[in-house]
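Observations on the model geometry
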Amino acid sequence: MVFSLLVVSTLPQFVVPELQGLSVAPYQAVIEKVSGDSRIFSGENIRLRCSIPNVRSTWRYQWFRGDDELQESAEYSLWQAKVEHSGKYYCQGVRETVIGTTYTHKSLPVEIDVDGGWAILQVPPYHSLVGETLKVTCRVRGNPKLEEVILYRDDVEVMRQIGSSPHLHLANIALKDQGLYSCRATWDVRRRSHSVVSVATQVSVLEVLTEPVLRVVLSDPLVPANMMRLICHLQYNAHAPAPPLHFYFYKNGYKLATATSENNEVVKQTPGLYSCKARVPQLGLLRWSEPEAFGQVTGTQQRQSPSILPRAPNPLTSIAPGPGLPLPTTAPFTAAWPTTHQSTAGPTDPPSTEEIPQPTDAPLKPIQSVPRPQLPDEIVQPNNQTAPPEVDDMSGDSDLLEPLADLE
């Protein structure tokens, strides 16, 4: 009797996917600077280290400059660096396994710039934010005692500093302050003046919270057919650890739900003007989106987004006098923005109704209420100014000016 045995191998199902014949592990290497700066003078040194976070396995590390493989080691150093050593550096983990040689994904690049000149403008390695202080350093080869340092943006002088300090600070920067920065340093040696200019370096300035853009999504397979998803798109660029960001959604100026940390909300498909608001309570930041119309919007639905200004004083009232009596005059009501200047004048008491003579034989007309003027849309205050107090609280559950809309 002959028996036949069919063997089916399932090993390929558990093998890590191969990329161009190489097994790639689901990890990415990371480069950190041990010493030195990304911009150095020729002749200076910099030391880099490669690692694979949260992995205990034993790895070897390969180094690359661009596409050129350099060496295999945990650290890579540039000693007495030359200008031709400038470039983007990567590292990658490699080890031997039962299925062959396994590689990690390459690290993000670290760009090294070796300058052969006399001056380097050192800027922050990350982007700057609106309202922050931009701190730069005008380094001069040999560290001479400086007499004057001038900072330029796009070849226009923005700061001049007398003295030996190479550090310059630009306070409360704005979006207009981004551009190409360079510096000029001047010093004296043996009664002779020397002056050098650095190569221009890009400085990026971002808003902490950009203006939201509301998007209405109808074809979402995760929501019922009669519902739609509102998505509030924005960029939140706060430095880590970033404070919590709260989202609010509105229909015709009325809040649809309480505050949420999610940037989307599912609502019923009904015509109206939809908008969203993003708020960072810890930073005092608040931004509104432009209203987005859905369906046929009527005039009664075109209510503006609620204002965050305090309530205006109670509406003024007047009593119509009887026949033959003059109409009492009152000062016109004017809505104004709050200012930091405090008035020294005391409040003016409203006219008392007892001061207006009323005939006994003439009936009184009903009180006529003067409607409160429409306040302007809210304005996002810069970081260095105190924003007007907002009516709704941090949770969004209590809001006098923003009642919840009918969810239908």
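Residues numbered from 1 in each chain as written. Predicted model: local features only at pLDDT ≥ 70, side-chain atom pairs only at ≥ 80, totals over all residues. Heavy atoms only, no water.

Some words on the sheet that holds strand β14 (residues 134-140)
The condition that has to hold: Only when DSSP finds a minimum of two bridges between them are two strands counted as paired. Put simply, DSSP marks the helices as runs of H or I at least four residues long and the strands as runs of E at least two long, and each gets a number from the N terminus on. Lines fitted to the C-alpha atoms define the axes, with helices restricted to the stretch that makes contact. Angles between their N-to-C directions range from 0 to 180 degrees.
A sheet is described by the order of its strands in space; here three strands give the open sequence β12-β14-β17, paired in antiparallel fashion. With partners counted over all chains shown, the strands left at the sheet margins are β12 (119-122) and β17 (167-170), one partner each. Averaged over all pairs of adjacent strands, the angle between strand axes in this sheet comes to 20 degrees, irrespective of strand direction. The sheet contact formed by β12 and β14 spans four bridges and is antiparallel. Bridging across to β14, Leu 121 finds its partner in Cys 138.

Some details on the pairing of strand β8 (residues 75-78)
Formally: A simple rule labels every residue: compare its accessible area, found with a 1.4 Å probe on the protein chains alone, to the largest value its type can have, and call it buried under 20%, exposed over 50%, or partly exposed in between.
Across the two faces of β8 the burial differs, with Tyr 76 and Leu 78 buried and Glu 75 and Ser 77 not buried at all. Across four bridges, strand β5 (residues 46-51) lies against β8 in antiparallel orientation. Across the sheet, Leu 48 pairs through a bridge with Tyr 76, a residue of β8.

Describing the layout of surface pockets
Definition in use: Cavities and pockets are found on a 1 Å grid laid over the protein atoms alone: a cavity is a set of points where a 1.4 Å probe fits but cannot escape, a pocket is an open set with protein on both sides within 12 Å along at least five of seven lines, and a lining residue has an atom within 4 Å of such a point. Grid points are joined across faces, edges and corners, and a volume is the space filled by probe spheres set on the points. Gly falls in the polar group here, along with every residue not listed as nonpolar (Ala, Val, Leu, Ile, Met, Phe, Trp, Tyr, Cys, Pro) or charged (Asp, Glu, Lys, Arg).
Here the second largest pocket is characterised by a volume of approximately 620 Å³. Lining the second largest pocket are 20 residues, with Val 123, Pro 124, Pro 125, Tyr 126 and Thr 201 positioned closest to its centre. Among the elements that line the lining of the second largest pocket, the one with the most residues is strand β20 (residues 201-203), at three residues. A per-class count over the lining of the second largest pocket returns seven nonpolar, seven polar and six charged.

Concerning the sheet that holds strand β22 (residues 213-217)
Strand order in this open sheet of three strands is β22-β23-β26, and the pairing throughout is antiparallel. In this open sheet, the two strands that pair with only one neighbour each are β22 and β26 (264-268). Strand-to-strand twist in this sheet, taken as the mean axis angle between neighbours without regard to direction, amounts to 25 degrees.

Considerations on the state of the cysteines
In plain terms, the rule: Cysteine sulfur atoms that pair up within 2.5 Å are treated as a disulfide.
Scanning the entire structure with this criterion turns up three disulfides. A sulfur-sulfur distance of 2.1 Å marks the disulfide that ties Cys 50 to Cys 91. Every disulfide takes its handedness from the sign of the S-S torsion; for Cys 50 and Cys 91 that torsion is 75 degrees, giving right-handed. Of the two residues, Cys 50 sits in strand β5 while Cys 91 sits in strand β9 (residues 87-97), which places them 41 residues apart along the sequence. Exposure class is identical for Cys 50 and Cys 91. Each is buried. Two residues, Cys 138 and Cys 183, share a disulfide whose sulfurs are 2.1 Å apart. Torsion about the S-S bond of the Cys 138 and Cys 183 cystine: about 80 degrees, corresponding to right-handed handedness. Note that Cys 138 is positioned in strand β14 and Cys 183 in strand β18 (residues 179-189), a separation of 45 residues in sequence. Taking only the cysteines that form disulfides and numbering them from first to last, the protein has the pattern 1-2, 3-4, 5-6.

What about the packing of aromatic side chains?
Note the cut-off: Stacked, tilted and edge-to-face are the three classes assigned to paired rings of Phe, Tyr and Trp, where Trp is represented by its six-membered ring and a pair needs centres within 6.5 Å; plane angles under 30 degrees give stacked, over 60 edge-to-face, the rest tilted.
Under the counting rule described, the total for this entry stands at five aromatic pairs. Relative to Trp 59, the ring of Tyr 27 lies with its centre 6.1 Å away and its plane at 85 degrees, an arrangement referred to as edge-to-face. In this pair, Tyr 27 is assigned in strand β2 (residues 22-28) and Trp 59 in the loop between β5 and β6 (60-65), connecting sequence segments 32 residues apart. An aromatic cluster is defined as three or more aromatic residues linked by ring pairs; in this entry it consists of Trp 63, Tyr 76 and Tyr 89.

Digging into the environment of Ser 219
Checked against the element boundaries, Ser 219 lands in the loop between β22 and β23 (227-233). Ser 219 sits in the exposed class, given a relative accessible area of 68%. A sequence separation of ten residues divides Ser 219 from Arg 229, and the C-alpha atoms of the two residues are 8.7 Å apart.

A closer look at the nonpolar core
Under the convention used in this document: The nonpolar core is taken to be a set of buried Ala, Val, Leu, Ile, Met, Phe, Trp, Tyr and Cys residues, with the residues joined through side-chain atoms within 4.5 Å. The contact criterion used throughout is that any non-hydrogen atoms of two residues lie within 4.5 Å.
Membership of the largest hydrophobic core comes to 20 residues, with the highest contact counts inside it found for Leu 134, Leu 151, Leu 168, Leu 170 and Tyr 181. Elements with a minimum of two residues in this core: β12, β14, β15 (146-153), β17 and β18. Leaving out residues up to four positions away in the same chain, Leu 168 has contacts with Leu 134, Lys 135, Val 136, Cys 138, Val 149, Leu 151, Met 159 and Gln 161.

As for the pattern of salt bridges
Pairing between side chains becomes possible if they bear opposite charge and their charged atoms approach one another. The condition is simple: Every case where a carboxyl oxygen of Asp or Glu lies within 4 Å of a side-chain nitrogen of Lys or Arg is listed as a salt bridge.
Applying the stated criterion across every chain, the model contains twelve salt bridges. A salt bridge links Asp 113 to Arg 39; the shortest N-O distance between them is 3.2 Å. Residue Asp 113 is located in strand β11 (residues 110-115), and its partner Arg 39 is located in strand β4 (residues 39-41); the two are separated by 74 residues in the primary sequence. Between Glu 157 and Arg 160 there is a salt bridge, and its shortest N-O distance comes to 2.9 Å. Taking the relative accessible area as the measure of exposure, Arg 160 reaches 44% and is therefore partly exposed. When salt bridges that share partners are traced, they join Glu 32, Arg 47, Arg 49 and Glu 75 into one network.

Keep in mind these numbers describe shape, not what the thing actually does.
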